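Here is how the chains run, residue by residue.
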Amino acid sequence: MTGSDPAFGSARLLGQVEFALTLPPTHQPQDLLPKMTGHLRRHVRAFDAKEACPDWWEPLYRIASNAAIFLSRDWMETWIGIYGAEFTGNWVWWSCNGVVVGGCLLLRKTARISVFFMPTLYLNAGGATSTRSPLAEHNDVLFAPGHEDAIVSDLTEFLSTLAWSRIVLSGCCANGIIERVIAAIPQSRSDLDHKPAPYVNIESLRDAPFLTQVSSNTRAQVKRSQRVYEAESGPVSLVAATDLDTGMEFFDELATLHNERWAGKGVAGSFSSQSAVAFHRALIRRLWSSGGVKLLRVTAGQSTVGVLYNFISDGAVFFYQSGFAWQQNSQLKPGLLTHCLAIEHCRIDGLREYDFLAGDSQYKRSLSTHQRHLFWATVYRARGGVKVFLMAQKFKRLLMRLRARAIARLRK
């Protein structure tokens with residue numbers, strides 16, 4: 001890290017910079033959280049990929065309203081250890097009465113798009129890397145309840161002092177702090193894509209088996225699939241990995257099944273890069289002792305039906321990735337069957353939610369009880385060379401539409 005990077009100017013030269021913002025009092029329902037009775041103080045420190053998360057990250061994560069596994073110290077440090085060297089940036093955090101009440105990691109990397117070089121900002125472990133990297137969802141600025149309005153205001157102001165052309169965001173919480181911030185940035189253009197993130201409210205099931213809560217059509221498909229599997233291969237059962245060695249065995253099988261499925265479609269799978277595999281193997285090791293990861297395998301007799309790779313945080317299960325042994329028989333539904341058994345397993349374990357994460361797949365619609373939304377966005381600072389880039393992109397889209405119309409006329 002050097003002091004010559006204009007995007008992070010004084011913070012890089014001084015190491016840590018503090019700014020005070022006077023705010024009106026606000027009421028806090030949690031007695032243990034700091035009250036907004038005076039100043040919200042912003043702190044900035046240069047990011048160093050060789051260092052761990054700052055000491056304030058874990059305490060903030062424990063009190064944050066929007067804490068999810070993807071913002072945990074385990075996820076962040078594992079990601080930084082493998083991909084962090086590709087970025088510069090800053091840790092930014094806010095304190096009130098000496099207690100940290102908000103914080104994030106702003107990463108910076110210059111991206112080349114055609115002939116344009118664009119200094120680009122990313123949030124937390126959401127930076128675009130040179131090799132395929134894991135996707136973090138439920139991404140946002142961590143914040144303690146009651147402080148979000150002040151953080152939105154100050155982060156918007158802070159971004160105005162940095163030199164950037166784009167902000168690229170992925171898997172962020174809809175209506176969260178960062179979406180409010182980008183909406184408030186002046187002279188900018190945002191391309192947003194909101195995606196549904198279905199989930200099962202397991203708590204609402206109470207003592208009822210999960211399969212009794214789905215539609216009659218879905219229930220019939222799952223039961224028929226199980227009957228066919230048992231007739232062809234043997235009893236269907238679900239096994240959870242109970243030790244790290246077994247967990248790694250399940251993960252390796254999942255990665256193989258997953259990559260084979262996508263390779264058959266001519267697409268690289270999520271575990272096609274060595275760095276992605278290294279990330280997940282390291283993360284599983286970190287999370288194993290605390291119970292933060294759960295690997296499940298469903299079998300029919302001696303044959304694998306499917307393997308699931310899930311995270312657990314605060315009673316919520318995050319379905320992250322899967323590998324299924326697909327068959328030609330259309331009556332076999334490995335995905336539906338595996339997820340149904342997994343959700344029932346989680347209900348029996350007393351977990352409160354099964355989050356499918358983003359994506360509008362049929363099986364998610366069939367099995368979920370609720371949905372929230374996550375968003376992907378690119379925010380352009382509409383000034384100087386970026387305005388030229390945006391005009392060039394607009395002209396390119398116009399040419400593509402005209403070409404498509406011309407081809408359609410010729411085919412007639």
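Just so it is clear, the structure is predicted and the values come from calculations on it, not from any experiment. (Residues numbered from 1 in each chain as written. Predicted model: local features only at pLDDT ≥ 70, side-chain atom pairs only at ≥ 80, totals over all residues. Heavy atoms only, no water.)

K.L.:
Quick one: what's the story with the pairing of strand E14 (residues 370-381), residue by residue and with numbers?
P.N.:
Side-chain positions along a regular strand alternate between the two faces of the sheet. Summarising the sheet, strand E7 (residues 166-173) and E14 pair through 6 bridges and their orientation is antiparallel. Residue pairing across strands places Arg166 opposite Tyr380, the latter belonging to E14. Sheet topology places strand E8 (residues 188-201) next to E14; 12 bridges connect them, and they run antiparallel. Within E14, the position partnered with Pro198 by the bridge is Gln371. (Pairing = 2+ DSSP bridges. Helix = DSSP H or I, 4+ residues; strand = E, 2+ residues; numbered from the N terminus.)

K.L.:
Go over the nonpolar core, please, and point to the residues and values.
P.N.:
Formed by 51 residues in total, the largest nonpolar core has its most connected members in Phe70, Trp75, Trp91, Leu295, Tyr309 and Phe311. Judged by nonpolar contacts, the second largest core, of 32 residues, contains Cys104, Leu123, Ala150 and Leu162. (Core = buried A, V, L, I, M, F, W, Y, C linked by side-chain atoms within 4.5 Å. Buried < 20%, exposed > 50% of the residue type's maximum accessible area, 1.4 Å probe, protein only.)

K.L.:
Could you give me a rundown of empty space enclosed by the protein, with the residues and numbers involved?
P.N.:
The tally for this structure, following the rule as stated, stands at 1 cavity of 30 Å³ or more. The space that makes up the largest cavity amounts to roughly 50 Å³. In terms of lining, the largest cavity is formed by Leu106, Leu121, Tyr122, Leu159, Ile167, Leu169 and Ile178. Elements with a minimum of two residues in the lining of the largest cavity: strand E5 (116-123) and E7. (1 Å grid on protein atoms, 1.4 Å probe; cavity = no way out; pocket = protein on both sides within 12 Å on 5 of 7 lines; lining within 4 Å. Points joined across faces, edges and corners; volume = space filled by probe spheres on them.)

K.L.:
Pulling in residues and values, what's your account of unusual backbone geometry?
P.N.:
The phi angle at Asn124 is positive, at roughly 55°, despite the residue not being glycine. Within the fold, Asn124 resides in the loop between E5 and strand E6 (142-143). Positive phi outside glycine occurs at His138, with the angle close to 55°. With respect to the helices and strands, the residue His138 is situated in the loop between E5 and E6.

K.L.:
Quick one: what's the story with the environment of Ala144, residue by residue and with numbers?
P.N.:
In this structure, Ala144 sits in the loop between E6 and helix H4 (148-160). A residue is classified by how much of its surface remains accessible, and Ala144, at 0% relative accessible area, is buried. A C-alpha to C-alpha distance of 8.6 Å links Ala144 and Tyr61, two positions 83 residues apart in sequence.

K.L.:
Give a description of the layout of surface pockets that names residues and reports values.
P.N.:
Empty space within the largest pocket amounts to approximately 1,100 Å³. Looking at the lining of the largest pocket, the elements with two or more residues in it are helix H6 (216-232), helix H7 (244-263), strand E12 (316-324), helix H9 (334-348) and helix H10 (362-367). Among the elements that take part in the lining of the largest pocket, E12 stands out by supplying 6 residues, more than any other. For the lining of the largest pocket, the residue count by class is 19 nonpolar, 18 polar and 7 charged. Reported here for the second largest pocket is a volume of approximately 400 Å³. As for the second largest pocket, its lining consists of 21 residues, of which Ser65, Asn66, Ala67, Ala68 and Arg352 are closest to the centre. Partitioning the lining of the second largest pocket into residue classes produces 10 nonpolar, 5 polar and 6 charged. (Nonpolar A, V, L, I, M, F, W, Y, C, P; charged D, E, K, R; others polar.)

K.L.:
Can you tell me about the packing of H6 against H9, naming the residues and giving the values?
P.N.:
Following both chains from N to C, one finds H6 and H9 inclined at 100°, their axes separated by 9 Å at the closest point. As the angle between them shows, H6 and H9 are arranged roughly perpendicular. For the pair H6 and H9, the contacting residues are Thr218, Gln221, Val222, Ser225, Gln226 and Tyr229 in the first and Pro334, Leu336, Leu337 and Cys340 in the second. Its residues assigned to classes, the contact of H6 with H9 comprises 6 nonpolar, 4 polar and no charged. (Axes fitted to C-alpha atoms, helices over the stretch in contact; angles between N-to-C directions. Parallel < 35°, antiparallel > 145°, perpendicular 65-115°, else oblique. Contact = heavy atoms within 4.5 Å.)

K.L.:
Could you give me a rundown of the packing of aromatic side chains, with the residues and numbers involved?
P.N.:
Per the counting criterion, the structure on display carries 24 aromatic pairs. Taken together, a centroid distance of 6.1 Å and an interplanar angle of 40° make the contact between Phe70 and Tyr320 tilted. Note that Phe70 is positioned in the loop between helix H2 (57-63) and helix H3 (73-83) and Tyr320 in strand E12, a separation of 250 residues in sequence. For the pair Phe70 and Tyr320, a shared accessibility class is recorded, and that class is buried. Chaining the aromatic ring pairs together yields one cluster made of Phe70, Trp75, Phe251, Phe271, Phe279, Tyr309, Phe311, Phe318 and Tyr320. Across the ring face of Trp326, the terminal group of Arg261 is positioned such that the distance to the ring centre comes to 4.3 Å. (Phe/Tyr/Trp six-rings, centres within 6.5 Å; stacked < 30°, edge-to-face > 60°. Lys NZ or Arg CZ within 6 Å of the ring centre and 35° of its normal.)

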